[in-house]
Amino acid sequence: MPNQRYGITFPFVDSKEGFFLGLNSLAESEIKSNLIHLVLTQKGSRYFLPEFGTNLIKYIFEPLDMATQTSIEREIRDAVQAFIPNLVINNVEVKSIDDIRLEEQTNPDHNSLEQNSFNFTGSREAEYSVRIRIDYSIGDDVFETKDFVIINL
């Protein structure tokens, strides 16, 4: 039986098997790719599906207070509920770079978990960025898979 492929990886990578783009071979990695794609797509950018995505771009220059954090979380939860209904969002954590530095100072064993991090900003913009961690689970109560994604905006 040939290897099952579920869809294009996101962020896009070259294929090692001779395809044009890298393809997911696990259902869990396809769901993670779909989540990253949904969160980073700006609403209105898809012609025949204008409600697909989020409007996180509008929060870039907003103060990172409790209202903005709640709005970012609501934006992500609403988009996931509409377009990936089998995905359960367990937690959305929004932190500034100052919060992250304070956490690293208080916990020297802190692991930034860069393997699950998708950077939307460069190193110069990191000072002004926001880190969004989305903890999610897939499946039913018997066979449940938990994972997370970190997006730097």
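All values derive from a computational prediction rather than experimental measurement.

J.: Lay out the overall build of the chain with the relevant residues and their values.
T.: Across its full length, the chain holds 3 helices and 6 strands. What you see in the chain, going N to C, is helices and strands ordered as β-β-α-α-β-α-β-β-β. Considering only contacts in the chain between residues 6 or more positions apart, those separated by 24 or more positions represent 49%. For the chain, the accessible area works out to roughly 10,100 Å², and carbon and sulfur atoms hold 53% of it.

J.: An account of helix α2 (residues 66–83) is needed here, citing residue identities and associated values.
T.: Over its 18 residues, α2 runs 26 Å from end to end, which matches the ideal 26 Å to within 8%, given 1.5 Å per residue. Considered for burial, the residues of α2 that qualify are Thr68, Ile72, Glu75, Ile76, Ala79 and Val80. What you see down the axis of α2 is that its buried residues fit within an arc of 120°, all on one side. Of the exposed residues in α2, those oriented more than 90 degrees away from the buried face are Met66, Gln81 and Ala82.

What counts and how
Residues numbered from 1 in each chain as written. Predicted model: local features only at pLDDT ≥ 70, side-chain atom pairs only at ≥ 80, totals over all residues. Heavy atoms only, no water. Helix = DSSP H or I, 4+ residues; strand = E, 2+ residues; numbered from the N terminus. Contact = heavy atoms within 4.5 Å. Areas by Shrake-Rupley, 256 points an atom, 1.4 Å probe, with all protein chains shown as cover. Expected span 1.5 Å × (residues − 1). Buried < 20%, exposed > 50% of the residue type's maximum accessible area, 1.4 Å probe, protein only. Arc of directions from axis to C-beta.

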